[in-house]
Amino acid sequence: MPRSAAASPRTAAAVLAAVLAAGCAQQPPRTIVKEVRVQVPVQVPVVAPTDNAARIVLNANDRLRQLSPLELAQEVAPRDDAALAPGNAVQLALALMFSHNNGETFRAQTLLDQVLRDTRPEANEWRPIAQFLADRVAEQRRMEGELEKTKQTRDDLQRRLDEANRKLEALKAIERSLGGPRSSLDKP
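Everything numeric in this text was worked out from a predicted model, so none of it was measured. (Residues numbered from 1 in each chain as written. Predicted model: local features only at pLDDT ≥ 70, side-chain atom pairs only at ≥ 80, totals over all residues. Heavy atoms only, no water.)

Peer 1: Could you give an account of the nonpolar core, naming the residues involved and the relevant values?
Peer 2: Across soluble globular proteins, nonpolar side chains have a tendency to be buried as a group. Counting residues in hydrophobic clusters, the biggest one holds 25 residues, and the most contacted among them are Val-90, Leu-111, Leu-112 and Leu-133. Looking at this core, the elements that each hand over two or more residues are α2 (49-65), α4 (86-99), α5 (104-117) and α6 (127-178). The element contributing the most residues to this core is α4, with eight residues. (Core = buried A, V, L, I, M, F, W, Y, C linked by side-chain atoms within 4.5 Å. Buried < 20%, exposed > 50% of the residue type's maximum accessible area, 1.4 Å probe, protein only. Helix = DSSP H or I, 4+ residues; strand = E, 2+ residues; numbered from the N terminus.)

Peer 1: Lay out the environment of Gln-114 with the relevant residues and their values.
Peer 2: For Gln-114, the position within the fold is in helix α5. Sequence separation of Gln-114 and Val-90 is 24 residues, and the distance between their C-alpha atoms is 9.5 Å.

Peer 1: Go over the pattern of salt bridges with me, naming the residues and quoting the values.
Peer 2: Applying the stated criterion to the full structure yields twelve salt bridges. Notably, a salt bridge pairs Arg-65 with Asp-62, separated by 3.1 Å at the nearest N-O pair. Of this pair, Arg-65 and Asp-62 both sit in helix α2, separated by three residues, roughly a single helical turn. The shortest N-O distance in the salt bridge between Arg-107 and Glu-104 comes to 3.8 Å. Residue Arg-107 and its partner Glu-104 are both found in helix α5; the two are separated by three residues, about one turn of the helix. If you follow the salt bridges from partner to partner, you end up with Asp-118, Arg-120 and Glu-122 in one network. (Salt bridge = Lys/Arg side-chain N within 4 Å of Asp/Glu carboxyl O.)

Peer 1: Outline the side chain of Gln-140, listing residues and values.
Peer 2: Along the chain, the position of Gln-140 falls in helix α6. Residue classification places Gln-140 among the buried residues on the basis of a relative accessible area of 17%.

Peer 1: Just give me the short version of α4, but keep the residues and values in it.
Peer 2: Taking 1.5 Å as the rise per residue, α4 with 14 residues should run 20 Å; its terminal C-alpha atoms sit 20 Å apart, in good agreement. Among all positions in α4, only Pro-86, Gly-87, Ala-89, Val-90, Leu-92, Ala-93, Leu-94, Ala-95, Leu-96, Met-97 and Ser-99 are buried. Its buried side turned inward, α4 meets α2, α3 (69-75), α5 and α6. (Expected span 1.5 Å × (residues − 1). Contact = heavy atoms within 4.5 Å.)

Peer 1: Any details on the packing of α5 against α6? Residues and values, ideally.
Peer 2: Between α5 and α6, the shortest axis-to-axis distance is 9 Å and the interhelical angle comes to 155°. With respect to α6, the axis of α5 lies roughly antiparallel. The two elements α5 and α6 meet at a crossing, and its hand is left-handed. For the pair α5 and α6, contact is made by Thr-105, Phe-106, Ala-108, Gln-109, Leu-112, Val-115 and Leu-116 and by Arg-127, Ala-130, Gln-131, Leu-133, Ala-134, Val-137, Ala-138, Gln-140, Arg-141 and Glu-144, respectively. (Axes fitted to C-alpha atoms, helices over the stretch in contact; angles between N-to-C directions. Parallel < 35°, antiparallel > 145°, perpendicular 65-115°, else oblique. Left-handed = near helix turned anticlockwise from the far one by under 90°.)

Peer 1: Any chance you could break down the confidence of the model for the protein chain for me, citing the residues and the numbers?
Peer 2: When pLDDT is averaged along the protein chain, the result is 84; 84% of the residues meet or exceed 70. Here helix α1 (residues 2-26) stands out as the least confident element of the protein chain, with mean pLDDT 63; α6 is the most confident, with 93. (pLDDT = per-residue confidence, 0-100.)

Peer 1: Can you tell me about a nonpolar patch on the surface, naming the residues and giving the values?
Peer 2: A contiguous nonpolar surface patch, about 560 Å² in accessible area, is contributed by Val-36, Val-38, Val-40, Val-42 and Val-44. When you line up the elements, Val-44 lands in the loop between α1 and α2. On the basis of relative accessibility, which here comes to 65%, the residue Val-44 falls in the exposed class. (Patch = residues over 30% accessible without salt bridge, like charges linked within 9 Å, V, L, I, M, F, W, Y side chains within 5 Å. Areas by Shrake-Rupley, 256 points an atom, 1.4 Å probe, with all protein chains shown as cover.)

Peer 1: Account for the packing of α4 against α5, with residues named and values stated.
Peer 2: Direction vectors running N to C along α4 and α5 enclose 160°, while the axes themselves pass 8 Å from each other. With respect to their mutual orientation, α4 and α5 come out roughly antiparallel. Of the two possible hands of crossing, α4 and α5 adopt the one that is left-handed. Residues Pro-86, Ala-89, Val-90, Leu-92, Ala-93, Leu-96, Met-97 and Ser-99 of α4 lie in contact with α5, whose contacting residues are Glu-104, Arg-107, Ala-108, Leu-111, Leu-112 and Val-115.

Listed below in structure tokens is the structure:
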């Protein structure tokens, strides 16, 4: 019995340890989470004022391309152009460039020159766009001038051709009235 008596306290201790371990295993361990705030530096892209002006003009360009001729005419209706803010003046100049009516490119050039000469701080962001559009307006006006010269040359040549045809027909009529031989000009 000594052996069973000695085994018994060991067995009892082992059983007790197993019961305690089983009791601890049934209860989930408690996790305590503390709120931790970490500051992370984030770089916000800097948008230059001229970038904003360019975006506005690009959006205006998209909108103007979709307008009907009547809507475009309303857009460029005469108003007090001198009182316009730089951004509005640039947008109106862009609309005038789309218009193709007589004098509209001159009006657009005047508006853009007004923005380029404007000394107010809000005009600074519009000057690069105004310069770009002023260059385009100058080129457009030059091309319109060339087109007008070409039309005048064509009209002059057409007038000369019509005059030469009238003279030729008059000569043919004189030849027929004289009863002379038929020239190669009369043959079909």
